[in-house]
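For reference, the chains in residue letters:
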2 protein chains.
Amino acid sequence: MNIQNSPLTRKLGSYVVLSDNDLDVLAQLHKRRRIFVPGVDMIHEGQKNQPAYILANGWAISFKILRDGTRQIVDIQVPGDFLGLRSLLFRTSDHNIEPITRVEASVVQAGDLFDAFTRTPRLATAVLWAASRDEAMVVEHLVGLGRRDAAERTAHFLLELGARLKLVGLAKLDGYDCPLSQHVLSDALGLSAVHINRVLRQLREEGMLTFRNGHVSFDDFDRLVAFADFDVAYLDDYAPMLK
Amino acid sequence: MNIQNSPLTRKLGSYVVLSDNDLDVLAQLHKRRRIFVPGVDMIHEGQKNQPAYILANGWAISFKILRDGTRQIVDIQVPGDFLGLRSLLFRTSDHNIEPITRVEASVVQAGDLFDAFTRTPRLATAVLWAASRDEAMVVEHLVGLGRRDAAERTAHFLLELGARLKLVGLAKLDGYDCPLSQHVLSDALGLSAVHINRVLRQLREEGMLTFRNGHVSFDDFDRLVAFADFDVAYLDDYAPMLK
DNA sequence: CGTCGGGTTGATAACTTTCAAATTTCGTGG
DNA sequence: CCACGAAATTTGAAAGTTATCAACCCGACG
């Protein structure tokens, strides 16, 4: 694999210019590859001493299961994301991570990551920046669950996901491929699968967004952004740095 | 002030045994004190190069304002909490932090914190542990907003807050003083103020919890825990380590 | 060809918000 | 210490949003 084009490299590269040395160190982290398939947990709640992973390919979800069997998806993980950066340091994992497509991931042991950080502090900064950005997205997710109605929430969520994918070259301005089922979407957005379906229809009929056959199309990006009250800075802040 | 009894010291002390050196370094971080009063933001969305704060006294909230003027509270900050640990490192703040009581906080500049970490790695571990624990609580908050109904969500939230306060010696097993208004509570729980009022009445009439006159009483702790599906490990995991 | 998971739709029920108004609490100045 | 006004709490009624239940459709796959 060419480390220059890995999703993580693209993402970090949008934040800082990576030197050859940075790239070398980054490549070291990708030594151990592992494949996961849907139905097999990558990380299970309660497990100890998990390694972290860098998602190279495929999508995963992190979630919690409630007493009544429903689940709440906390975050969607896409290529270039770090998984379990926190649980690397701290006791048992408090949530599950499960692939929803076939997933290729690099296994990162705690020691290797710290070594890498020692060898290039700039890489450490970039990784922490990425982690912080992901955390900001969890916060935005929380805000949506608390204060946006179903349609705004759905629109906002799909826009944000697009912004995130664009960072790693997996989305275009007018849409992206999205392997999420409506059921998964409903578990992420705190809605019933039935209602998500109605919301998607509404957004489609109003000509703003089409979610169909594993593809999201922004049919009227500007109107969608206005409708969802989406902060385009998520896109603008980062895109220009790529140059 | 006696650093031994500061809320932060209590909290970190529940995780690791702090040496005299650790305590010295911790005391250094408390040099610059600052007072905030309700109505004046401690951190404002969009500001750059914020310092971080250690909350010594009083309560604060971090929140985002939406287009329609409603707000979603992301987290409640109580004594012993670090504020803005992330925004210390990364660009502009993406949320507001505002005191809801008179607040005393120590100002922590990025450099001072890194110095402290260099001088005692164990302190760094403890601080990161605390940060990670707070993050886990934000995730639990998100899960509640997505998948718990109003009553469960309220009960769970107040139990969690209690667990958190207990760590810093501000709660007993059967309750705690709580300066949150019902309106603030509603903004945290994604409900209307009217509905929160009804939910609190329900919990009170069922003999599980009383929220009144700035005080939360767990009238039937076990039943409340069962009702909210609260993970008591939040309490048990930490309390024994104090010994 | 039959089954199965995902998607779609209508009808009804449950939960939560909004609106309006009364009541209580609390800080402040007299 | 009391009076006053502002803010917080409380309650009822009506409206709005979302969930649940029940079918039905459809394409993938053995």
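Residues numbered from 1 in each chain as written. Chains lettered and ligands numbered in written order. Predicted model: local features only at pLDDT ≥ 70, side-chain atom pairs only at ≥ 80, totals over all residues. Heavy atoms only, no water.

K.L.:
Lay out the overall build of chain A in plain terms, naming residues and giving numbers.
P.N.:
The helix and strand inventory of chain A stands at nine helices and 11 strands. Whereas a compact globule of 243 residues would reach a radius of gyration of roughly 18 Å, chain A reaches 18 Å, a difference of no more than 12%. When the backbone C-alpha atoms are referred to their principal axes, chain A occupies close to 50 × 45 × 30 Å. Looking at chain A as a whole, 57% of its 243 residues are labelled buried. Taking contacts inside chain A between residues at least 6 apart in sequence as the whole, the part at least 24 apart equals 72%. Treating the 28 positive side-chain charges of chain A as one cloud and the 31 negative ones as another, the clouds have centres 4 Å apart. (Helix = DSSP H or I, 4+ residues; strand = E, 2+ residues; numbered from the N terminus. Rg over C-alpha atoms; globule rule 2.2 N^0.38 Å. Buried < 20%, exposed > 50% of the residue type's maximum accessible area, 1.4 Å probe, protein only. Contact = heavy atoms within 4.5 Å. Lys, Arg positive; Asp, Glu negative; His and termini not counted. Charge placed at Lys NZ, Arg CZ, Asp CG, Glu CD.)

K.L.:
Can you tell me about the pairing of strand S10 (residues 209–212) of chain A, naming the residues and giving the values?
P.N.:
Two faces make up the sheet, and in a regular strand the side chains alternate between them. Residues and elements named next belong to chain A. By the bridge criterion, four bridges tie S10 to strand S11 (residues 215–218) in an arrangement that is antiparallel. Paired with Leu209 across the bridge in S11 is Phe218. Count of turn residues in the S10/S11 antiparallel hairpin: two residues, of which Asn213 carries a positive phi of about 50 degrees. (Pairing = 2+ DSSP bridges.)

K.L.:
Describe the packing of helix H3 (residues 110–119) of chain B against helix H4 (residues 121–147) of chain B, naming the residues involved and giving the relevant values.
P.N.:
Residue and element names in this part refer to chain B. In contact at an axis separation of 5 Å, H3 and H4 are set at 120 degrees when each is read in the N-to-C sense. The pairing of H3 with H4 is recorded here as oblique in orientation. Side by side, H3 and H4 meet where Phe117, Thr118 and Arg119 of the first sit next to Pro121, Leu123, Ala124 and Val127 of the second. Each residue belonging to the contact of H3 with H4 can be placed in one class, and the counts come to five nonpolar, one polar and one charged. (Axes fitted to C-alpha atoms, helices over the stretch in contact; angles between N-to-C directions. Parallel < 35°, antiparallel > 145°, perpendicular 65-115°, else oblique. Nonpolar A, V, L, I, M, F, W, Y, C, P; charged D, E, K, R; others polar.)

K.L.:
Can you lay out the environment of Leu224(B) for me, pointing to particular residues and giving the numbers?
P.N.:
Within the element layout of this structure, Leu224(B) appears in helix H8 (residues 221–228). Measuring from C-alpha to C-alpha, the distance between Leu224(B) and Leu203(B) comes to 8.7 Å, with 21 residues separating the pair along the chain.

K.L.:
Tell me about the interface of chain B and chain A, and please be specific about residues and values.
P.N.:
Chain B puts 39 residues into the contact, and the matching count from chain A is 38 residues. Buried surface at the junction of chain B and chain A, summed over both partners, amounts to about 3500 Å²; 56% is from carbon and sulfur atoms. For Arg67(A), the salt bridge identified is with Asp229(B), shortest N-O distance 3.9 Å. Viewed at the interface, chain A and chain B are joined by 16 residue pairs in polar contact (both at pLDDT 80 or more). At the level of elements, strand S4 (71–77), H4, helix H6 (182–189) and H8 of chain B are the ones that each hand at least two residues to the side of chain B that touches chain A. Looking at the side of chain B that touches chain A, the element that brings in the most residues is H4(B), giving 15 residues. Among the residues forming the side of chain B that touches chain A, the class breakdown is 17 nonpolar, eight polar and 14 charged. (Buried area = accessible area lost by both parts, 1.4 Å probe. Salt bridge = Lys/Arg side-chain N within 4 Å of Asp/Glu carboxyl O. Polar contact = N/O pair within 3.5 Å; in protein donor to acceptor, adjacent residues only side chain to side chain.)

K.L.:
So what's going on with the protein's contact with DNA strand C? Which residues, and what values?
P.N.:
The immediate surroundings of DNA strand C are formed by 16 residues, with Gln182(A), Asn197(A), Arg198(A), His195(B) and Arg198(B) found nearest. Of what DNA strand C places within 4 Å of the protein, 66% of the atoms are sugar or phosphate. Take Ala150(B): an N or O atom from its main chain is 3.1 Å from a phosphate oxygen of DNA strand C. Measuring from a phosphate oxygen of DNA strand C, one finds a side-chain N or O atom of His195(B) at 3.5 Å. Of all the secondary structure elements, the ones that give two or more residues to the surface near DNA strand C are helix H6 (182–189) and helix H7 (193–205) of chain A together with helix H7 (193–205) of chain B. Considering each element in turn, the surface near DNA strand C owes the most residues, four residues, to H7(A). Here the surface near DNA strand C is built from residues that sort into four nonpolar, seven polar and five charged. (Near = heavy atom within 4 Å.)

K.L.:
How would you summarise the environment of Gln47(B) if you had to cite specific residues and measurements?
P.N.:
Residues and elements named next belong to chain B. You can see Gln47 is positioned in the loop between strand S1 (33–36) and strand S2 (52–57). It is 5.3 Å that separates the C-alpha atoms of Gln47 and Thr92, two residues lying 45 residues apart in sequence. Side-chain polar atoms of Gln47 contact the side chain of Gln50, separated by 2.7 Å.

K.L.:
Can you lay out the protein's contact with DNA strand D for me, pointing to particular residues and giving the numbers?
P.N.:
Taken together, 16 residues lie near DNA strand D, and Ala150(A), Arg198(A), Gln182(B), Asn197(B) and Arg198(B) sit nearest. Within the side chain of Gln182(B), an N or O atom sits 2.5 Å from a phosphate oxygen of DNA strand D. One of the side-chain nitrogen or oxygen atoms of Asn197(B) is found 2.6 Å away from a phosphate oxygen of DNA strand D. Elements with a minimum of two residues in the surface near DNA strand D: H7 of chain A together with H6 and H7 of chain B. Ranked by residues supplied to the surface near DNA strand D, first place goes to H7(B) with four residues.

K.L.:
Go over the sheet that holds S11(A), please, and point to the residues and values.
P.N.:
Read across the sheet, four strands follow the order S8-S9-S11-S10 (chain A) without closing on themselves; strand pairing throughout is antiparallel. With one partner strand each, in any of the chains shown, strand S8 (171–172) and S10 of chain A form the two edges of the open sheet.

K.L.:
For the sheet that holds strand S3 (residues 60–65) of chain B, give the residues involved together with the corresponding values.
P.N.:
On the basis of which strands lie adjacent, the open sheet formed by three strands has the order S4-S3-S6 (chain B) and antiparallel pairing. With partners counted over all chains shown, the strands left at the sheet margins are S4 and strand S6 (96–99) of chain B, one partner each. Within the sheet, the average angular offset between the axes of one strand and its neighbour, ignoring direction, is 30 degrees. Bridge analysis of S3(B) against S4(B) gives six bridges, and the strand direction is antiparallel. Residue pairing in the sheet places Lys64(B) in a bridge with Gln72(B) of S4(B). Strand contacts of helix H4 (residues 121–147) of chain A: S3 and S4 of chain B, with the helix running at about 125 degrees to S4(B), the strand carrying the most contacts.

K.L.:
Can you break down the relation of the copies chain B and chain A residue by residue, with the values?
P.N.:
Its rotation angle being 180 degrees, the transformation that places chain B on chain A also includes 0.1 Å of axial translation and leaves an RMSD of 0.0 Å. On this basis, the relationship between the two copies can be described by a two-fold rotation axis. For chain B, the residue whose C-alpha comes nearest the rotation axis is Leu142(B), separated from it by 2.5 Å. Of all interface residues in chain B, 97% are interface residues in chain A too; the two copies therefore contact each other through one and the same surface. (Least-squares fit on C-alpha atoms with pLDDT ≥ 70 in both.)

K.L.:
Kindly report on the domain arrangement of chain A, identifying the contributing residues and their values.
P.N.:
All names here are of chain A. Split by domain assignment, chain A resolves into domain 1 (3–130) and domain 2 (148–242). Inter-centroid distance (C-alpha atoms) of domain 1 to domain 2 is 23 Å. Considering only the side of domain 1, the residues that lose the most area to domain 2 are Ser14, Trp59 and Ile76, jointly responsible for 32% of the buried surface there. At the boundary of domain 1 and domain 2, one finds three salt bridges. Taking the shortest distance from any N to any O, the salt bridge between Asp187 and Arg71 comes out at 2.7 Å. Summed over the shared surface of domain 1 and domain 2, the number is seven residue pairs in polar contact (both at pLDDT 80 or more). At the level of elements, helix H1 (7–13) and strand S4 (71–77) are the ones that each hand at least two residues to the side of domain 1 that touches domain 2. A per-class count over the side of domain 1 that touches domain 2 returns 10 nonpolar, six polar and five charged. (Domains from an automatic or database assignment.)

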